[in-house]
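Each chain is listed here by its residues.
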Amino acid sequence: MPSLSNQRHEAFCRAVVRGESAAGAYAGIYHVSGRTAEVNGSKLLRNAAVSERIAELQGTAAQRTVKTVESLVADLDATIAFARECKNPAAMVLHPPPCVARCPGQMPSKLRCSAW
């Protein structure tokens, strides 16, 4: 399904998929507050085209997440195989999967070893 022709409806769908409440998404897009946002946000969720678009966007996000998990597992399997091949468990620490090295705050991008 392509993007909705009503750009505000499309923006509402994307906000809901990002995790905003219907009232919060509606308030941000239509610049209203309080009860108006709650009532109209709820109504918009019941719109058939909007609910189908939300389901489609959520499905796409779920597929990306599955692919990411699969790639992480594959990288870890490769690292474990490398460590076993070298008969050196420290190889898993000294040569982490590339995806782990790119995660900010998780591991430094350049590892230093005093043995080198």
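Calculation notes
- Every residue gets a number counted from 1 within its own chain, in the order that chain's sequence is written.
- Note on the predicted model: pLDDT of at least 70 is required for a residue's local features to be given, and 80 or more for side-chain atom pairs to be given and counted; whole-chain, interface and lining totals, by contrast, use all residues.
- Only hydrogens and water are removed before side-chain values are computed, so all heavy atoms of the structure are retained for them.
- Strands are runs of DSSP state E lasting at least 2 residues, helices are runs of H or I lasting at least 4, and numbering of each runs from the N terminus.
- Think of it in three bands: with a 1.4 Å probe and only protein chains considered, a residue is buried below 20% of the maximum accessible area for its type, exposed above 50%, and partly exposed in between.
- Any pair of residues with heavy atoms lying within 4.5 Å of one another is described as a contacting pair.
- Only the protein chains shown count as cover for residues, and all accessible areas are computed by the Shrake-Rupley method using a 1.4 Å probe.
- Geometry of aromatic contacts follows a simple scheme: Phe, Tyr and Trp rings, the Trp one being its six-membered ring, pair when their centres are within 6.5 Å, and the pair is stacked under 30 degrees between planes, edge-to-face over 60, tilted otherwise.
- Interaxial angle, 0 to 180 degrees, is taken between N-to-C directions of lines fitted to C-alpha atoms, where a helix line uses only the stretch in contact.
- Reported orientations rely on four angle classes, namely roughly parallel under 35 degrees, roughly antiparallel over 145, roughly perpendicular from 65 to 115, and oblique for the rest.
- Crossings are classed by handedness, with left-handed meaning an anticlockwise turn of the near helix from the far one by less than a right angle and right-handed meaning a clockwise turn.
- Confidence scores here are pLDDT values: one per residue, from the predictor, ranging 0 to 100.
- Each helix should span, by expectation, one fewer than its residue count multiplied by 1.5 Å.
- Each direction from the helix axis to a C-beta atom contributes to the arc, which is the arc of those directions.
- In protein, a polar contact means a hydrogen-donor-capable atom and an acceptor-capable atom, both N or O and within 3.5 Å, with residues adjacent in sequence counting only if both atoms are side-chain atoms; elsewhere, any N or O pair within 3.5 Å suffices.

1. Some details on the overall build of the chain
From N to C terminus, the chain includes 6 helices and 0 strands. Helices and strands appear in the chain in the N-to-C order α-α-α-α-α-α. In the chain, which comprises 116 residues, the proportion classed as buried is 22%. In the chain, the share of contacts with a sequence separation of at least 24, taken over all contacts with a separation of at least 6, comes to 37%. Split by element, the accessible area of the chain, about 8200 Å² in all, is 56% carbon and sulfur.

2. Quick notes on the packing of aromatic side chains
Taken as a whole and judged by the stated rule, the model has 1 aromatic pair. Summarising the aromatic geometry, the rings of Tyr-26 and Tyr-30 are spaced 4.2 Å apart at their centres and angled 20 degrees between planes, so their arrangement reads as stacked. Of this pair, Tyr-26 and Tyr-30 both sit in helix α2 (residues 22-30), 4 residues apart, which is roughly one turn of that helix. For the residue pair Tyr-26 and Tyr-30, the accessibility class agrees, reading buried in each case.

3. Considering the packing of helix α1 (residues 7-18) against α2
At a minimum axis separation of 9 Å, α1 and α2 run at an interaxial angle of 140 degrees. In terms of axis orientation, α1 runs oblique to α2. Two packed elements cross with a definite hand, and for α1 against α2 that hand is right-handed. Residues Arg-8, His-9, Ala-11, Phe-12, Ala-15 and Val-16 of α1 lie in contact with α2, whose contacting residues are Ala-22, Ala-25, Tyr-26, Ile-29 and Tyr-30.

4. Details of the confidence of the model for the chain
Within the chain, residue pLDDT values average 77, and 71% of them lie at 70 or more. For the chain, per-element mean pLDDT is lowest for helix α6 (residues 98-101), which scores 48, and highest for α2, which scores 95. Counting interchain partners and residues more than four positions distant, the pLDDT-below-50 stretch residues 99-116 has 12 contacts.

5. Structural notes on helix α3 (residues 34-45)
An ideal rise of 1.5 Å per residue puts 16 Å on 12 residues; α3 measures up with 17 Å between its terminal C-alpha atoms. When we look at burial in α3, the residues that qualify are Ala-37, Gly-41 and Leu-44. Buried residues along α3 cover an arc of 65 degrees about the axis, so they all sit on one side. Looking at α3, the residues exposed on the side facing more than 90 degrees away from the buried face are Arg-35 and Lys-43.

6. So, the side chain of Arg-53
Here Arg-53 lies in helix α4 (residues 48-86). Judged by relative accessible area, Arg-53 falls into the buried class, the value being 6%. Polar contacts involving the side chain of Arg-53 include one to the side chain of Glu-10, which spans 2.8 Å.

7. Points about unusual backbone geometry
Unlike most non-glycine residues, His-31 shows phi in positive territory, near 55 degrees. Position of His-31 relative to the elements: it lies in the loop between α2 and α3.

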